[in-house]
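Geometric and topological summary
What follows is the residue order along each chain.
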Amino acid sequence: MPTATEWRLALGQRIGMAYAANPKAAVVMVAGSTGRGTADRYSDLEIDVYWAEPPTDDERRAAAEGGGGTLLDLAPYEEDEWAETIDFGGFHIGTSTFLVATMEEYLRAVLDRASIDPLAQMRLSSVLRARTVVGTELVRRWRARAAAYPTALAHAMLAANLEFEGFGYDEDMLAARDDLLRLYDVFCRVERQLLGALLGLNRRYLPNPGFKHMDELIAEFQFAPPNLSSRLKGTFHVPPPEGVRQLHALCEETLDLVAQDLPDFDTTRFRTHLRQRRGAWDAAPPQA
């Protein structure tokens, strides 16, 4: 019996070849967990297409239906992208399709201008990890460029994430009050920032803003606090004050790793912010 990845990959290649039948389709790739070889029974199927010139709606429709599925949605062009949803007996396939010129601009933005734009980084991450159906030579050139992760981008990712927004003021109060909805919103925000900083430290592009497949991503990190995945999850399974303490420890350890690997990146202000605490008053101050 084919594995979850195998049958999805075969279907993805079939759909990909239907897109490749149009000479405008310069690159077609099977992306997502199937492209990475880690699909499971819950995984959908993602197809990336890069057009040499804009496709018409009729061309998109013909490509989407050419693999034998039923076209459910032909989304309009927005945010640099066209998207289609294709159905095979209740199993849905989603496409992300762009112009080749758009991908070239994403490469320039990230590599030359140290852009931390999530969409641009997601495209680079996908190109590096997806399975190529057609367009091997162009993908090879893209990958060669993307492999050189710039130090300026690492600094930009660190600067954007090491503030640990949400910590440094309210967390002890929220834990003491058992104000869990607000506290766990802070936990999620800080943990995403922590992972974002570690992406920069490990010279990895953002694969998904929500950090889907977190364990898989963390396993690829060379630099990370020990037992990072279990510790991030564990903050939600202990009493709230202990969760705050544990997450603070992970943030401090991440700052230590940055100081060791990128000594020219000054972590002083980030440490100062992290160690701030909201005042607690059991009695009126003398002036009152």
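Bear in mind that the values here come from a model prediction, so they are computed numbers and not experimental data. (Residues numbered from 1 in each chain as written. Predicted model: local features only at pLDDT ≥ 70, side-chain atom pairs only at ≥ 80, totals over all residues. Heavy atoms only, no water.)

The number of helices and strands found in the chain is 13 helices and 6 strands. Seen through its principal axes, the chain has C-alpha atoms that stretch 80 × 40 × 40 Å. A burial count over the chain gives 47% of its 288 residues as buried. Of the contacts made within the chain by residues no fewer than 6 positions apart, 64% connect residues no fewer than 24 positions apart. For the chain, the accessible surface area stands at approximately 14,100 Å², while carbon and sulfur atoms represent 52% of it. For the chain, the distance from the average position of its 31 positive side-chain charges to the average position of its 42 negative side-chain charges is 3 Å. (Helix = DSSP H or I, 4+ residues; strand = E, 2+ residues; numbered from the N terminus. Buried < 20%, exposed > 50% of the residue type's maximum accessible area, 1.4 Å probe, protein only. Contact = heavy atoms within 4.5 Å. Areas by Shrake-Rupley, 256 points an atom, 1.4 Å probe, with all protein chains shown as cover. Lys, Arg positive; Asp, Glu negative; His and termini not counted. Charge placed at Lys NZ, Arg CZ, Asp CG, Glu CD.)

The next thing to look at is the pattern of salt bridges. Under the defined criterion, the tally for this structure stands at 26 salt bridges. With a closest N to O distance of 3.1 Å, glutamate 105 and arginine 108 form a salt bridge. Of this pair, glutamate 105 and arginine 108 both sit in helix α4 (residues 100-113), 3 residues apart, which is roughly one turn of that helix. A relative accessible area of 30% places glutamate 105 in the partly exposed class. Aspartate 170 is the salt-bridge partner of arginine 278, the closest N and O atoms lying 2.8 Å from each other. (Salt bridge = Lys/Arg side-chain N within 4 Å of Asp/Glu carboxyl O.)

All right, on to the pairing of strand β4 (residues 81-88) then. Looking along a regular strand, one sees side chains alternate from face to face of the sheet. Here strand β3 (residues 70-78) runs beside β4; their pairing, made up of 6 bridges, is antiparallel. Paired with alanine 75 across the two strands is alanine 83, which belongs to β4. In sequence, β3 turns back onto β4 through a hairpin of 2 residues, with glutamate 79 there showing a positive phi of about 50°. One ladder, built from 5 bridges, connects β4 with strand β5 (residues 91-99); its direction is antiparallel. The partner of aspartate 87 across the bridge, within β5, is histidine 92. The antiparallel hairpin formed by β4 and β5 contains 2 residues in its connecting segment, where glycine 89 sits at a positive phi of about 60°. (Pairing = 2+ DSSP bridges.)

This paragraph deals with the nonpolar core. Core analysis: the largest hydrophobic core is formed by 61 residues, its most contacted members being Tyr50, Leu124, Trp142, Leu162, Phe164 and Phe167. Residue contacts for tryptophan 142: discarding those within four places in its chain leaves Val27, Tyr50, Val100, Met103, Glu104, Leu107 and Val127. Val49, Trp82, Phe91 and Ile93 belong to the second-largest nonpolar core, a separate cluster that totals 21 residues. (Core = buried A, V, L, I, M, F, W, Y, C linked by side-chain atoms within 4.5 Å.)

Note: disulfide means a covalent bond formed between the sulfur atoms of two cysteine side chains. By the definition in use, this model includes 0 disulfides. Cysteine 188 forms no disulfide, and the closest cysteine sulfur to it belongs to cysteine 251, at a distance of 13 Å. (Disulfide = S-S within 2.5 Å.)

Packing of α4 against helix α5 (residues 118-129) leaves a shortest axis separation of 9 Å and a crossing angle of 105°. Overall, the two elements α4 and α5 adopt an arrangement that is roughly perpendicular. Residues Met103, Tyr106, Leu107, Val110 and Leu111 of α4 form the contact with α5, whose participating residues are Leu119, Ala120, Gln121, Arg123, Leu124 and Val127. Partitioned by chemical class, the residues of the contact of α4 with α5 number 9 nonpolar, 1 polar and 1 charged. (Axes fitted to C-alpha atoms, helices over the stretch in contact; angles between N-to-C directions. Parallel < 35°, antiparallel > 145°, perpendicular 65-115°, else oblique. Nonpolar A, V, L, I, M, F, W, Y, C, P; charged D, E, K, R; others polar.)

Pairing within the open sheet is mixed, and its 6 strands lie in the order β3-β4-β5-β2-β1-β6. Taken across any chain shown, the strands that pair with only one partner, and hence form the sheet edges, are β3 and β6 (131-134). For this sheet, the mean angle separating the axes of adjacent strands, direction not counted, is 20°. Along the sheet face, helix α3 (residues 57-66) touches β3 and β4 and points at about 145° away from the line of β3. Packing against the sheet, α5 makes contact with β1 (25-31), β2 (45-51), β5 and β6, and its axis sits at approximately 105° to β2.

Below, the discussion takes up helix α7 (residues 151-161). Within α7, burial applies to Leu153, Ala154, Met157, Leu158 and Asn161. Down the axis of α7, the sector holding all buried residues measures 135°, keeping them to one side. Elements that come into contact with the buried residues of α7 comprise α4, α5, α9 (180-201) and α12 (240-261). (Arc of directions from axis to C-beta.)

A few words on the side chain of serine 125. Here serine 125 shows up in helix α5. Excluding anything up to four places from it in sequence, serine 125 contacts Tyr205, Leu206 and Pro207.

Right, let's talk about unusual backbone geometry for a bit. The phi dihedral of phenylalanine 164 is positive, around 50°, even though this residue is not glycine. Considering the arrangement of structural elements, one finds phenylalanine 164 in the loop between α7 and α8 (171-176). Exposure remark for phenylalanine 164: the relative accessible area of 0% places this residue in the buried category. Look at phenylalanine 211: it is not a glycine, yet its phi comes out positive at around 55°. Accessibility expressed as a relative area gives 9% for phenylalanine 211, which makes it buried.

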